[in-house]
Each structure stands twice: as C-alpha cells, then as structure tokens.
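Per-entry structural report
In case you want the letters, here they are:
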Amino acid sequence: VRKAGKRGVDYPDAARAMKAFLVGTVGCEPTDVGPRDGSGLSRHNVVTARAMTRTLAWAGRQNWGDRFRDAMASPTKGTLKGRLVGTDFRGKTGSLDLVVG
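Residues numbered from 1 in each chain as written. Predicted model: local features only at pLDDT ≥ 70, side-chain atom pairs only at ≥ 80, totals over all residues. Heavy atoms only, no water.

**Overview of helix H2 (residues 49–60)**
Put simply, the test is: The helix and strand labels rest on DSSP assignments: H or I over at least four residues marks a helix, E over at least two residues marks a strand, and numbering proceeds from the N terminus. One less than the residue count of a helix, multiplied by 1.5 Å, gives the span that helix is expected to have. Only protein chains enter the accessibility calculation, which uses a 1.4 Å probe. A residue is then buried if its area is under 20% of the maximum for its type, exposed if over 50%, and partly exposed in between. The arc in question is traced by the directions running from the helix axis to the C-beta atoms. The contact definition used throughout considers only heavy atoms, calling two residues in contact when any of these lie within 4.5 Å.
With twelve residues, H2 extends 16 Å from end C-alpha to end C-alpha; this agrees with the ideal 16 Å at 1.5 Å per step. Here H2 has its buried residues at Ala51, Trp58 and Ala59. End-on, the buried residues of H2 take up no more than an arc of 100 degrees, which puts them together on one face. Those residues of H2 that are exposed and angled more than 90 degrees off the buried face are Ala49 and Thr53. At its buried positions, H2 is contacted by helix H1 (11–26), strand S1 (33–34), strand S2 (46–47) and helix H3 (65–71).

Below you can see the structure in the form of structure tokens.
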C-alpha cells in the first residue's frame, strides 16, 4: 500500500473516504458500494444499480448537474452516436466486470 506523500496515495483511506461520501452525502446504502482503491477507476470497485441511480440523481441536483449530464454519451454524440436515436438517453458505455444482467 502506498502512503500519502509526494509519490503516492493511501488507497485504503481513499476507499473509506469515497464510501463515506457516497453513504453520508449521496445517500447510498453502505452495502451498495464497495470501493477497492479509492480512485473510482478500478474495474473491481463494486456499486449496485440502486447506488448508481442515487448517485446520478444526486449529481443531477447539483449546480453542475447539467454539465455532468451533457458530458455523458447520448444518441447524438460519443459512443452512442447513431444508436437510440429519438430517445433522451444519456449513459456510460464500456465493459463492466462482475455484472449479472
């Protein structure tokens, strides 16, 4: 584990801080989020659909919510361009690990 300083991050502390934010600020259930490294980028970070929905709803209520929504892939841009035309869908595309659909 790297320690905080000039060249590293204490990942367990970052993971705890991420979970505390998602539970305390966003309103996610503690069992719905499982950060592994605190970056949010690892494919081994686990989040339920319920937690993702709460996070997206929370983000939408922030003063930067419109910019966040505009940055997501849609039928007119990004990896969804030309797909789902006629809908107002916004989303994240790519591969996910540990998902059952």
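**Observations regarding the pattern of salt bridges**
When their charged atoms lie close together, side chains carrying opposite charge are able to pair. To be explicit about the condition: Salt bridges, as used here, are contacts in which a Lys or Arg side-chain nitrogen is within 4 Å of a carboxyl oxygen on Asp or Glu.
Under the defined criterion, the tally for this structure stands at five salt bridges. The closest approach of N and O atoms between Asp13 and Arg16, which form a salt bridge, is 2.2 Å. One end of the pair, Asp13, and the other, Arg16, are both in helix H1, three residues apart, so they sit about a helical turn from each other. With a relative accessible area of 39%, Asp13 lands in the partly exposed category. A salt bridge links Asp88 to Arg69; the shortest N-O distance between them is 2.5 Å. Linking Asp88 in the segment after H3 with Arg69 in helix H3, this pair joins segments that are 19 residues apart in sequence. You can call Arg69 partly exposed: its relative accessible area is 33%. Each of Arg69, Asp88 and Arg90 takes part in a single network of salt bridges with overlapping partners.

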